[in-house]
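Architecture and fold: a report
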Amino acid sequence: MSGNIPILISGTGSYAPEGILTNADLTRMVDTTDEWILSRTGIRERRIAAPQELTSDMAIHASRAAMDAAGVKPEEIDLVLVATITPDMPFPSTACIIQNRLGLRPVPAMDIEAACSGFLYVLEVGAAMLRSGKMRHALVVGSEKLSSIIDWEDRSTCVLFGDGAGAVILSRGENTGEGVLSTTLGSDGRGGEILYMPGGGALCPPTPASLADRQHFLKMNGKEVFKIAVRVMEKAALEILAEHNLQPSDVALVIPHQANVRIIELLSSRLGMPMEKFAVNIDRYGNTSAASIPLALDEAVRAGQVKKGDLILMVAFGAGLTWAASLIRWH
Ligand code: UT7
């Protein structure tokens, strides 16, 4: 049965641009302090891509590292999926741009947009397509140049976000019970207005007026997003564990979306899981949206924090509103 085909994360990779923007740097740009940013968010610094460095460039670095780690050659990739809200351009997709630049075969390639939940969305779509039995390896990427849609005059958002990329190779495995056990995805479009970017689409094409009105930047009601984030992440995590008759105590490592360390701390206390079980790198990268989970996963794998047999829980929420949780039995 195709549903039983195990799907493994056979390699991980990530990339963070060289440019570092510290909290001290931000105090020279907007009315803020290191103390406010650190205590309210847990962020010390974030990476900012160079002007000519695009979402596809970062995706390519992360993808090459993931292919190397998996021992999979470009010609073996059967599918490319990219999660991003900051594609190089509305079309062609960033997935097609990297399909070309990585020299892949003419395989299916597409972007999927589910904001900060995007990586877990592409993970699930990739796993489902591999389970259909026709494909062997998928390149699944989250890459963001959020600095290109941040309003650098809005202190309530500009301190939060950063640029980066993470990638995994998903491969069909042999042993059932290993790899991606399942993923739960959800959305509630009623929350669309609390985190959005009005400009750039059919609603608000670029005009001098829309530019002057700062419509082409991310807008957020942080307080509302915060409350919903904690609730939906807890719910998604408990639901997916219950689906497999597992308890929070069975989980070896949680890779949460890195939006605010206070959100992660609340999740930790609500799930009754110590903070030591949570991968946290928000202090160095800020919120990198779709890149945040694969970046943190790659760091954990490379640091030797993930061992064969470990149960890994990945959990995210984002604009849409969207949310997602994924359970992996590491192979
Ligand atoms: O990936 C999903 C995307 N986003 C998120 O997950 C974000 C979720 N939300 C959050 O992380 C938090 O709500 C924020 C970090 C955005 C804000 O923290 P908060 O504790 O909810 O602060 P607040 O918005 O209630 O603002 C408190 C005060 C306000 O001043 P008054 O009205 O109390 O005088 C803000 O104007 O802090 C002020 N403030 C700042 N002060 C210094 C807002 N931003 C800043 C800043 N520096 N950068």
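With that settled, consider the domain arrangement of the protein chain. Its domain assignment divides the protein chain into domain 1 (2–177) and domain 2 (180–329). Its C-alpha centre places domain 1 at a distance of 14 Å from the equivalent point of domain 2. Between domain 1 and domain 2, the buried area comes to about 3800 Å², and carbon and sulfur atoms account for 61% of it. Remark: the boundary between domain 1 and domain 2 carries two salt bridges. Linking Arg-214 and Asp-151 is a salt bridge whose minimum nitrogen-to-oxygen distance equals 2.9 Å. Where domain 1 packs against domain 2, one counts 23 residue pairs in polar contact (both at pLDDT 80 or more). Only strand S1 (7–15), helix H2 (34–41), strand S3 (45–48), helix H3 (55–70), helix H5 (118–131), strand S6 (137–145), helix H6 (155–158) and strand S7 (163–172) provide two or more residues apiece to the side of domain 1 that touches domain 2.

This part takes up the packing of helix H8 (residues 222–243) against helix H9 (residues 261–271). For the pair H8 and H9, interaxial distance at closest approach is 10 Å and the crossing angle is 40 degrees. What the angle tells us is that H8 and H9 run oblique. Here H8 runs over H9; the crossing is right-handed. In contact with Phe-226, Ala-229, Val-230, Arg-231, Met-233, Glu-234, Ala-237 and Leu-238 of H8, H9 contributes Arg-262, Ile-263, Leu-266, Leu-267, Arg-270 and Leu-271. Residues that form the contact of H8 with H9 fall into these classes: 10 nonpolar, no polar and four charged.

Considering only enclosed or pocket space, the largest pocket measures out at about 1300 Å³ in volume. Lining the largest pocket are 45 residues, with Ile-85, Ile-149, Leu-195, Tyr-196 and Leu-218 positioned closest to its centre. Secondary-structure elements contributing two or more residues to the lining of the largest pocket are H2, strand S9 (195–196), H8 and H9. If you tally residues by element for the lining of the largest pocket, the top one is H8, at five residues. For the lining of the largest pocket, the residue count by class is 23 nonpolar, 16 polar and six charged.

Now for the nonpolar core. The biggest cluster of nonpolar side chains holds 48 residues, and the ones touching the most others in it are Val-251, Val-254, Ile-263, Phe-278, Leu-313, Phe-317 and Leu-327. Per element, the largest residue contribution to this core is 11 residues, and it comes from H8. In this structure Leu-313 touches Ala-237, Ile-240, Val-251, Leu-253, Val-254, Ile-255, Ala-325, Ser-326 and Leu-327, once residues within four positions along its chain are discounted. Ranked by size, the runner-up nonpolar core spans 36 residues in total, among them Ile-9, Leu-81, Ile-112 and Leu-120.

By the secondary structure assignment, Arg-101 is in helix H4 (residues 94–101). Classification of Arg-101 by relative accessible area gives partly exposed; the value is 42%. In this structure the C-alpha to C-alpha distance between Arg-101 and Asp-57, which are 44 residues apart in sequence, comes to 9.3 Å. The contacts of Arg-101, once residues within four sequence positions are left out, are Ser-56, Asp-57, Ile-60 and Arg-64. At 3.0 Å, the side chain of Arg-101 forms a polar contact with the side chain of Asp-57.

What follows deals with the sheet that holds S1. Spatially, the five strands line up as an open sheet ordered S1-S7-S6-S4-S5, and their pairing is mixed. With partners counted over all chains shown, the strands left at the sheet margins are S1 and strand S5 (109–112), one partner each. The average angle at which neighbouring strand axes cross in this sheet is 20 degrees, direction not considered. Where S6 and S7 come together, nine bridges link them in antiparallel fashion. Looking at S7, one finds that Val-140 is bridged to Val-168. Relative to strand S4 (residues 79–83), H5 is tilted by about 165 degrees, and along the sheet it contacts S1, S4, S5, S6 and S7.

Our focus in this paragraph is empty space enclosed by the protein. Counting across every chain of the model gives one cavity of 30 Å³ or more. The calculated volume of the largest cavity comes to roughly 40 Å³. Taken together, Ile-194, Leu-195, Val-225, Ile-228, Ala-229, Val-232, Phe-317, Gly-318, Leu-321 and Thr-322 form the lining of the largest cavity. Sorting the residues of the lining of the largest cavity by element identifies H8 and strand S12 (311–318) as the ones contributing at least two each. When residues of the lining of the largest cavity are assigned to their parent elements, the largest contribution, four residues, is made by H8.

Now for H4. One turn of the α-helix equals 3.6 residues, which is why residues spaced by three or four share an orientation. Of the positions making up H4, those classed as buried are Thr-94, Ala-95, Ile-97, Ile-98 and Gln-99. The inward-facing, buried residues of H4 contact H3, S4, S5 and S6. Directly after H4, the chain includes Gly-103, whose backbone phi takes a positive value near 70 degrees.

For the rest of this paragraph, the subject is the site of the ligand. Residues in close proximity to the ligand total 23 residues, the closest being Thr-32, Arg-40, Lys-223, Asn-260 and Asn-287. Contacts to the ligand include Trp-36, whose side-chain N or O atom sits 3.2 Å from an oxygen atom. Within the side chain of Lys-223, one N or O atom sits 2.7 Å away from an oxygen atom of the ligand. Burial of the ligand by the protein chains amounts to 74% of its free accessible area of 950 Å². Of the pockets mapped on this structure, the ligand occupies the largest pocket. Those elements that place two or more of their residues in the shell around the ligand are H2, H6, H8 and H9. Counting residues per element, the shell around the ligand draws most heavily on H8, which supplies four residues. Each residue belonging to the shell around the ligand can be placed in one class, and the counts come to 11 nonpolar, seven polar and five charged. A domain split of the shell around the ligand shows at least three residues from each of domain 1 (2–177) and domain 2 (180–329).

What counts, and where the lines are drawn
Residues numbered from 1 in each chain as written. Predicted model: local features only at pLDDT ≥ 70, side-chain atom pairs only at ≥ 80, totals over all residues. Heavy atoms only, no water. Domains from an automatic or database assignment. Buried area = accessible area lost by both parts, 1.4 Å probe. Salt bridge = Lys/Arg side-chain N within 4 Å of Asp/Glu carboxyl O. Polar contact = N/O pair within 3.5 Å; in protein donor to acceptor, adjacent residues only side chain to side chain. Helix = DSSP H or I, 4+ residues; strand = E, 2+ residues; numbered from the N terminus. Axes fitted to C-alpha atoms, helices over the stretch in contact; angles between N-to-C directions. Parallel < 35°, antiparallel > 145°, perpendicular 65-115°, else oblique. Left-handed = near helix turned anticlockwise from the far one by under 90°. Contact = heavy atoms within 4.5 Å. Nonpolar A, V, L, I, M, F, W, Y, C, P; charged D, E, K, R; others polar. 1 Å grid on protein atoms, 1.4 Å probe; cavity = no way out; pocket = protein on both sides within 12 Å on 5 of 7 lines; lining within 4 Å. Points joined across faces, edges and corners; volume = space filled by probe spheres on them. Core = buried A, V, L, I, M, F, W, Y, C linked by side-chain atoms within 4.5 Å. Buried < 20%, exposed > 50% of the residue type's maximum accessible area, 1.4 Å probe, protein only. Pairing = 2+ DSSP bridges. Near = heavy atom within 4 Å. Areas by Shrake-Rupley, 256 points an atom, 1.4 Å probe, with all protein chains shown as cover. Sits in = over half its atoms within 2 Å of the grid points.

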